[in-house]
Amino acid sequence: MGDFGFYIMLGLEHVLDLEAYDHILFLAALTIPFTFVDWKKVLVLATVFTIAHCFSLGLSVYEVVVVDVSLIEFLIPVTIFFTGIYNLIGSRKTTDQKNMAAYLTATGFFGLVHGFGFSNYFKMLMAGEEEKISPLLGFAAGIEISQILILLAVLSGNYIVRSLFKVKQPSFIQIMSIIVLFITIPMLITTFPW
């Protein structure tokens, strides 16, 4: 299990797993308001998400922080839902008018939540392993690579839809955010812990 490449693949599979599409949905919601012109901002957001995700994962793996799994499973769709709502509220603002500090703060917090969400599975994989830093770094690299692929796919979809169908950016943001919200609502209902 000490193979760095194995953990890179694990990070890739974690994000790109279509059966656990919450990660993809969150990244899509996060990217919807941006275009290829904003690629640096999107890359920074993805990196902040990865760092926060791996930080909380590390806290959990080393048992510094233990969080109730059912609460985290509920908070994950909450993060997606609020990202969709935030997109709708700010859909008429240009990218330059968007509050990047708010995006970065929310992305960091949401990354923490998502990291705790994956921690139980990761801890099972790490059972009996002495050295945990290398697997965490490999996992982080896999997450970052897969997130960049998703971000590129969303940015490409944005470009194609707006180019082919002459959809204005605010309309694209609104339509896609509403789709994200409709996908997220059943997740909220099924994971509600109380």
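Shown above is the structure to which this text applies.
A quick note: this is a predicted structure, and the numbers were derived from the prediction, not measured.

> Looking at this model, I keep getting lost on the layout of surface pockets. Mind explaining?
Taking a probe equal in size to a water molecule and rolling it over the atoms shows the remaining empty space. By volume, the largest pocket is sized at about 420 Å³. Around the largest pocket, the lining comprises 20 residues; the ones closest to its centre are His14, Ala20, Asp22, Gly117 and Phe118. Breaking the lining of the largest pocket down by element, the ones donating at least two residues are helix H1 (4–16), helix H2 (22–31), helix H4 (69–89), helix H5 (100–126) and helix H7 (169–191). When residues of the lining of the largest pocket are assigned to their parent elements, the largest contribution, four residues, is made by H5. Here the lining of the largest pocket is built from residues that sort into eight nonpolar, seven polar and five charged. Surrounding the second largest pocket, 15 residues form its lining, Ala28, Ile32, Ala153, Val154 and Met176 being those nearest its centre. Secondary structure elements with two or more residues in the lining of the second largest pocket: H2, helix H6 (133–164) and H7. Considering each element in turn, the lining of the second largest pocket owes the most residues, six residues, to H6. Residues belonging to the lining of the second largest pocket are distributed by class as follows: 13 nonpolar, two polar and no charged.

> Explanation requested: a nonpolar patch on the surface in the structure shown.
A surface patch of nonpolar side chains, amounting to about 910 Å² of accessible area, comprises Phe36, Trp39, Leu43, Ile148, Leu152, Tyr159, Ile160, Leu164 and Phe165. Put simply, the parts of the chain that give the nonpolar patch at least two residues each are helix H3 (39–61) and H6. At five residues, H6 tops the list of elements feeding residues into the nonpolar patch. Within the secondary structure, Phe36 is located in the loop between H2 and H3. Owing to a relative accessible area of 36%, Phe36 belongs among the partly exposed residues under this scheme.

> Even after reading the chapter, I still don't get the nonpolar core, so can you show me in this structure?
The tendency in soluble globular proteins is for nonpolar side chains to be buried as a group. Formed by 42 residues in total, the largest nonpolar core has its most connected members in Phe34, Leu57, Ile80, Phe122 and Phe139. The greatest single-element share of this core, amounting to nine residues, is contributed by H5. Residue contacts for Phe34: discarding those within four places in its chain leaves Lys41, Val42, Leu45, Thr95, Met100, Tyr103, Leu155, Asn158 and Gln169.

> How do you make sense of the packing of aromatic side chains when you look at a structure like this?
Describing an aromatic ring pair means giving the distance of the ring centres and the angle of the ring planes. Within the structure shown, the criterion is met by 12 aromatic pairs. Taking the centre distance of 4.9 Å and the plane angle of 0° together, the rings of Phe118 and Phe139 count as stacked. Pair noted here: Phe118 is in helix H5 and Phe139 is in helix H6, with a separation of 21 residues, a long-range link. For the pair Phe118 and Phe139, one class covers both residues: buried. Through a chain of ring-to-ring contacts, the aromatic side chains of Phe6, Tyr7, Phe118, Phe122 and Phe139 assemble into a single cluster.

> Which parts of the structure should I look at to understand H6?
Residues spaced three or four apart along an α-helix face the same direction, because each turn holds 3.6 residues. Over its 32 residues, H6 extends 46 Å from the first C-alpha to the last, a length consistent with the 46 Å expected when each residue adds 1.5 Å. At the exit of H6 stands Lys166, carrying a positive phi of roughly 55°.

> Help me out: how do you make sense of unusual backbone geometry in this one?
Of all residues except glycine, most have a negative phi; of all peptide bonds, most are trans. Its identity is not glycine, yet Glu63 carries a phi of approximately 55°, on the positive side. Looking at the element boundaries, Glu63 is found in the loop between H3 and H4. Given a relative accessible area of 57%, Glu63 falls into the exposed group. Unusually for a residue other than glycine, Lys166 sits at a positive phi of about 55°. When you line up the elements, Lys166 lands in the loop between H6 and H7.

Rules behind the numbers
Residues numbered from 1 in each chain as written. Predicted model: local features only at pLDDT ≥ 70, side-chain atom pairs only at ≥ 80, totals over all residues. Heavy atoms only, no water. 1 Å grid on protein atoms, 1.4 Å probe; cavity = no way out; pocket = protein on both sides within 12 Å on 5 of 7 lines; lining within 4 Å. Points joined across faces, edges and corners; volume = space filled by probe spheres on them. Helix = DSSP H or I, 4+ residues; strand = E, 2+ residues; numbered from the N terminus. Nonpolar A, V, L, I, M, F, W, Y, C, P; charged D, E, K, R; others polar. Patch = residues over 30% accessible without salt bridge, like charges linked within 9 Å, V, L, I, M, F, W, Y side chains within 5 Å. Areas by Shrake-Rupley, 256 points an atom, 1.4 Å probe, with all protein chains shown as cover. Salt bridge = Lys/Arg side-chain N within 4 Å of Asp/Glu carboxyl O. Buried < 20%, exposed > 50% of the residue type's maximum accessible area, 1.4 Å probe, protein only. Core = buried A, V, L, I, M, F, W, Y, C linked by side-chain atoms within 4.5 Å. Contact = heavy atoms within 4.5 Å. Phe/Tyr/Trp six-rings, centres within 6.5 Å; stacked < 30°, edge-to-face > 60°. Expected span 1.5 Å × (residues − 1).

Honestly, that's just the spatial picture; any functional story needs more than this.
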